[in-house]
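Working through the structure, step by step
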Amino acid sequence: MPRFRSLALAALVIAALALLATSTITVPQTGRTKIKSYQDLSWPVRAAIKNAVTDTPEKYSPTDASMRAGELLSKMMQETTHPHCDNFHESVCAGWRKLLEKPPHLTRLGVMTWMREQHRVRLQALLQDTTAARSSKHLPLLQSAYQQCVETAFPSSKGSVLLTALVNQWKALDFTRMETIGKAIKLNIEAKGNFLYRANVEPNNRKSTQMVIWLQQGGLTLGAIKSYTDVKQLERFQTLLDHLFRDFDIESAAGGVQPKDVLEFERALAAISIDPVTMRNPQLPKLTRKRSILVPFKKFIPVMTNAPSYFAKLPHLVKATPRSVIHAYFIVHQLLAVLPDFDYAPLAAFSADALHIRRPPVSDYCINSLSTKLPFLTAHAQIKHEFKDVESMHSVQDDMRAMIELIRSEYLATLARSQWLSPVMKERTIKKMKGVGVLVGAEEWTLDEDKVLDYYRNYRLAATWVESIWQFNLSNLRHEWSMLGKPNQRLFRGYPMQVNAFYSQSNNRIVIPFGILHPPMYHRDLPMSVKLAGIGLIVAHEFSHAIDARGRRYDWQGNLRDWWSTKIAAEYTKRERCFAQQYSGYLVHGQAVNGNLTLAENMADNIGTELVTSVAKLSSYTPTIPVIKPSTSGAKEFYTPEQVFFMYMASIWCLHVEPKAELHAMLRSVHAPSSARINCSVRNSREWETAFTCLAQEKCTLW
């Protein structure tokens, strides 16, 4: 069986950390509801749609992709009884939820999640196809890794030699010595854990050419600060701690510490933590030159703290806490970092009940692991499989770039037309927008098989999957931390097949990965109006981040600095306050949306909607796709092109979500719930009101 090249599990040498490598690291497979493919969801196109396309070619796109999309949206609209003007989200998404079942292991299934599931299904088929590997150098490596995962994933936490060795190592640490806390921090970074804080390497937000260590406020098992005043959440955490202490004999190793002592320490951490709204202030992070046992990095390496007051109070809290409690807390967080890859029922129950994260079936877990541990190798195989040749890949990239430049041009025109920006600020904002870089698909090197294989040349499979992913984690850390001391290359370091899009403030660059360039978000043969309503909205959303409530504080080179005049900044703040208040008045399951926490994303949604609507209006939203209205008489009436545009736009945010999971996400998510994203955005659109003959409402606008 093909294997990765051998690599001895040696010390992970990172100048900043001097990390010492350690030996490292089932749920039973459950039934899953199969999710239909896009083609299956489109069903045989009915005659009425074909006739409409034939009879009015100037109005409807004749491509197969267009008719499929029209059929899908038609079926969605047949299932709804909600008036468009009262609740546009439900008028579109109620039908979507009836057409797609949410797999039981997911607490939420949105369009993007569903697209990820489709990628997973295709990748799984590729990895199980032994004939596909014959002409490939990279695919046998992935197939070996996938097979090992399927065969050895989720070993029992009881009797695991590897887990026992790790736990014994953690217990043996002498926390009576202050310097041991520094060693514990390094071990936790190695385990990608959450002991006191998290650390990673990112650009300096005030000097974007420089790569620095970022210390991220953390250390909370329950995640949200508010959860530490929630009695039920604390009870769930207490139950988990009771199991961990008993099953891994933490009490004897930590001098008689009880589970409640760890819980109280985390409550104290929550008390000094900065709230999520304040954390959204890009001015908050500071460069620190101080070094201590809690910041065990060499002085010549720049370190940024994202929550200065938290890191100022943390040493005092640690000093005031018995070392035995810190030791127990450390063991707990090391276990929480590695146990998700084992079969440990108490953690699975806690994750499901407290965090609304359920363990997936083994095959799903294995595909997800490959995507996160070996992202470039996995994506390379997927991209090779998705595109029959280089020309077809380039045609998609060229098609996307053309649309992106249409959207950029509209944004530049919008800035030029602004009635409240001064001439100087128009010039500055236009300069930044012109300077936004664009990556469609993936970085060039990830498309080169030899370069990808060279990147992974020191990765190997160990005896079991948990041992393999531990080594992968160490190697991935080495790649990440090796960027210290080098100029920021402004490259996308994420998984090229993920279903998402990004704007980097420090790089002033948007990234549209290959993974999101699939139906229903995008198809090359869809008409421009529908592309704009789908992937176009995503692109416009990311462009808008360049000058949203956070992005506007970064200049065109990606450096955090004050480049706005006082008067214009005050006007901007007044306008952004309108969005904050509007969304804060929106209720989801009886809970108000946090309009301040979600402000930047809400502004990007609204500006993005305005931009793509303006571009689509230039061609009167045509050609479009034929979408049949619900009818009890049997007569076939079609929605207008502008109505189809807004319905398609709303459909990309449709979501199956369990109410408790949605309420939990609202505690700290920077994105508003999908119903708020749809309903508030269209409420601010005059074109939407006209399209559906809705009563005018008070609006928030930026430019």
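Per chain, the residues get numbers from 1 upward, laid out in the order the sequence is written. pLDDT decides what is reported in this predicted model: residues at 70 or higher carry local features, side-chain atom pairs at 80 or more are listed and counted, and totals for whole chains, interfaces and linings draw on all residues regardless. With hydrogens and water excluded, all non-hydrogen atoms of the structure serve as input to the side-chain values.

Moving on, we come to the overall build of the protein chain. Elements are defined by DSSP. Helices are runs of H or I of four residues or more, strands are runs of E of two residues or more, and each kind is numbered from the N terminus. Across its full length, the protein chain carries 28 helices and 11 strands. Here the protein chain has a C-alpha radius of gyration of 26 Å; the compact-globule value for 703 residues is 27 Å, and the two agree. Seen along its three principal axes, the alpha-carbon backbone of the protein chain occupies a region of about 80 × 65 × 50 Å. In the protein chain, which comprises 703 residues, the proportion classed as buried is 58%. Accessible areas in this description were obtained via Shrake-Rupley with a 1.4 Å probe; residue shielding takes into account the shown protein chains only. Of the accessible surface of the protein chain, which amounts to about 29,000 Å², a share of 52% is contributed by carbon and sulfur atoms. In this description the radius of gyration comes from C-alpha coordinates, and the expected globular size is given by 2.2 Å times residues to the power 0.38. The buried label goes to any residue with under 20% of its type's maximum accessible area, the exposed label to any with over 50%, and the partly exposed label to all in between, with areas taken from a 1.4 Å probe on protein chains only.

In this section: the state of the cysteines. Pairs of cysteine sulfur atoms within 2.5 Å are what we label disulfides. Enumeration over the complete set of coordinates arrives at 4 disulfides. A sulfur-sulfur separation of 2.1 Å characterises the disulfide bridge that pairs Cys 149 with Cys 366. Note on the Cys 149 and Cys 366 pair: the S-S dihedral is about -90°, so by sign convention the disulfide is left-handed. Within this pair, whereas Cys 149 is found in helix H6 (residues 139-152), its partner Cys 366 is found in helix H16 (residues 362-373), the two being separated by 217 residues in sequence. Here Cys 149 falls in the buried class, since its relative accessible area comes to 1%. Note on cysteine connectivity: Cys 578 is disulfide-linked to Cys 700, with sulfurs 2.0 Å apart. The sign of the -80° torsion about the S-S bond sets the Cys 578-Cys 700 disulfide as left-handed. Of this pair, Cys 578 sits in helix H23 (residues 566-584) while Cys 700 sits in the segment after helix H28 (686-692); the two residues are 122 residues apart in sequence, bridging distant segments of the chain. Relative accessible area serves as the criterion here: at 6%, Cys 700 is assigned to the buried category.

Relative to the helices and strands, Thr 429 resides in helix H19 (residues 423-434). Polar contacts, as counted here, are pairs of nitrogen or oxygen atoms within 3.5 Å of one another; within protein the pair requires one atom able to donate a hydrogen and one able to accept it, and residues that are adjacent in sequence qualify only if both atoms are side-chain atoms. Within the structure, Thr 429 has its side chain in polar contact with the backbone oxygen of Met 425 (distance 2.8 Å).

A word on the sheet that holds strand E3 (residues 207-217). For two strands to be treated as a pair, DSSP must find no fewer than two bridges joining them. Here we have 4 strands laid out as an open sheet, ordered E2-E3-E5-E4, and mixed in their pairing. For this open sheet the edge positions go to strand E2 (197-204) and strand E4 (286-288), each flanked by a neighbour on one side alone. Direction aside, the axes of adjacent strands within the sheet are offset by 35° on average. Direction of pairing for E2 relative to E3: antiparallel, over a ladder of 8 bridges. By the bridge assignment for E3, Val 201 is matched with Ile 213. For this analysis, residues touch if any pair of their heavy atoms sits within 4.5 Å. For helices, the axis comes from a line fit to the C-alpha atoms of the stretch in contact; other axes are also lines fit to C-alpha atoms, and the angle between any two N-to-C directions lies between 0 and 180 degrees. Its contacts with the sheet place helix H13 (residues 308-320) against E2, E3, E4 and strand E5 (303-305), and it is angled at close to 50° to E3. With respect to the sheet, helix H21 (residues 465-481) is in contact with E2 and E3, its orientation differing from that of E2 by roughly 40°.

With that settled, consider the environment of Ala 48. By the secondary structure assignment, Ala 48 is in helix H2 (residues 47-55). Separated by 590 residues in the primary sequence, Ala 48 and Phe 638 place their C-alpha atoms 9.8 Å from one another. Leaving out residues up to four positions away in the same chain, Ala 48 has contacts with Ile 628, Lys 636 and Phe 638.

Both trends apply: most residues other than glycine have a negative phi, and most peptide bonds are in trans. The omega torsion across Pro 519 and Pro 520 is 0°, close enough to zero to call that bond cis. Inspection of the secondary structure puts Pro 520 in the loop between strand E8 (509-513) and helix H22 (528-544). Note the cis peptide between Thr 622 and Pro 623, where omega equals -5°. With respect to the secondary-structure elements, Pro 623 resides in the loop between helix H24 (599-617) and helix H25 (641-651). Positive phi is not limited to glycine here, since Phe 154 has a value of about 55°. Mapping Phe 154 onto the fold places it in the loop between H6 and helix H7 (161-172). The buried category is assigned to Phe 154, whose relative accessible area is 2%. The phi dihedral of His 589 falls on the positive side, at around 55°, and the residue is not glycine.

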